[in-house]
Amino acid sequence: MTNTGFENELDGADEQVRREHIRCTLKHGNEPRMGDYFDSLARTWEENLEPCGAKHRATAFLAGVKPGSRVLDVGCGTGIMAQAYLDAGAAEVVALDVAPGMIEIAREKFAREPRVRFECASIYNFEDDRPFDAFVAYNVYPHLMDKHGLARKAASLLGEQGRFIVAHGLGRKTINAHHDCVPAHICTHLETARASAQAWEELFNIDQIVDTDEYYCFGGTLKSAAL
Ligand SMILES: C[S@@+](CC[C@H](N)C(=O)[O-])C[C@H]1O[C@@H](n2cnc3c(N)ncnc32)[C@H](O)[C@@H]1O
């Protein structure tokens, strides 16, 4: 990710413009600006995307995706994870992103695949009438600002035996270094997987934690009391 978002836009801006940006953020929350930020990166993101490979398939596996699964992919970008779910046998994939440019590219790539539906929406506003088997947030957690709200949303969307995973195809230190130049309203610092998982423990039994230089994840299953 490059430093091409609002930070640049505000470089040299006078105090009044800065105040207006802050006022706008307070009024509308971060999501419209999050969408704008990633929208501006969509083409470059797709050009630099590594092919769907071992880490994506491992993530689908750890999320418990199997033949017949219904999967929710949060912050799908240009759709990198979709093929991994299909390869694991998913019957239906709903993939969300707040950036219209990301969704447009993803839809072009999977235009002939009826099992995948891409929606331009924030996970915080998303609702559905049928439960999901797997809730996956791949390479997006630092950008999901309300962690407890996200855990509650995951619990509300998953069915019995439902499983969530928060995962990154890079290690935490690399990701945090990478985000040093990203505006603070666009991302949070990634804590250790064990510390991050605490926000989910009230609703989920955490049974997966990986925090290495190459991969990061935590995941678990919905507690029956949360159903
Ligand atoms: C770093 S990109 C990762 C994209 C994709 N998962 C990948 O690995 O290529 C994070 C994506 O999450 C999206 N995003 C951020 N906040 C979101 C939210 N609240 N709901 C849905 N998507 C969101 C951004 O628009 C962006 O496309």
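Here, the structure is the one placed above.
Residues numbered from 1 in each chain as written. Predicted model: local features only at pLDDT ≥ 70, side-chain atom pairs only at ≥ 80, totals over all residues.

Positive phi, close to 60°, is recorded for Asn139, a residue that is not glycine. Among the secondary structure elements, Asn139 is positioned in the loop between strand E4 (132–138) and helix H8 (147–157). Phi is positive for Gln161, close to 70°, though the residue is something other than glycine. Along the chain, the position of Gln161 falls in strand E5 (residues 158–168). (Helix = DSSP H or I, 4+ residues; strand = E, 2+ residues; numbered from the N terminus.)

Among the residues making up helix H5 (residues 54–62), those that are buried are His56, Thr59, Ala60 and Leu62. Along the long axis of H5, the arc covered by the buried residues comes to 165°, so they all point the same way. Residues of H5 that are buried make contact with helix H6 (82–87), E4, E5, strand E6 (204–211) and strand E7 (216–222). Phi turns positive one or two residues past the end of H5, at Gly64, with a value near 80°. (Buried ≥ 20, exposed ≤ 12 C-beta atoms within 10 Å, placed from the backbone. Arc of directions from axis to C-beta. Contact = placed C-beta atoms within 7 Å.)

Among the 22 residues in the neighbourhood of the ligand, the closest are listed as Phe38, Gly75, Gly77, Ala99 and Asn139. Taken together, the residues of the shell around the ligand break down into 14 nonpolar, six polar and two charged. (Near = placed C-beta within 6 Å. Nonpolar A, V, L, I, M, F, W, Y, C, P; charged D, E, K, R; others polar.)

In terms of burial, E7 is largely enclosed, as six of its seven residues are buried. Inspection of the sheet shows E6 paired to E7 by seven bridges, in the antiparallel sense. Pairing of Ile209 across the sheet is with Phe218, part of E7. If you look at the hairpin formed by E6 and E7, you'll find four residues sitting between the two strands. (Pairing = 2+ DSSP bridges.)

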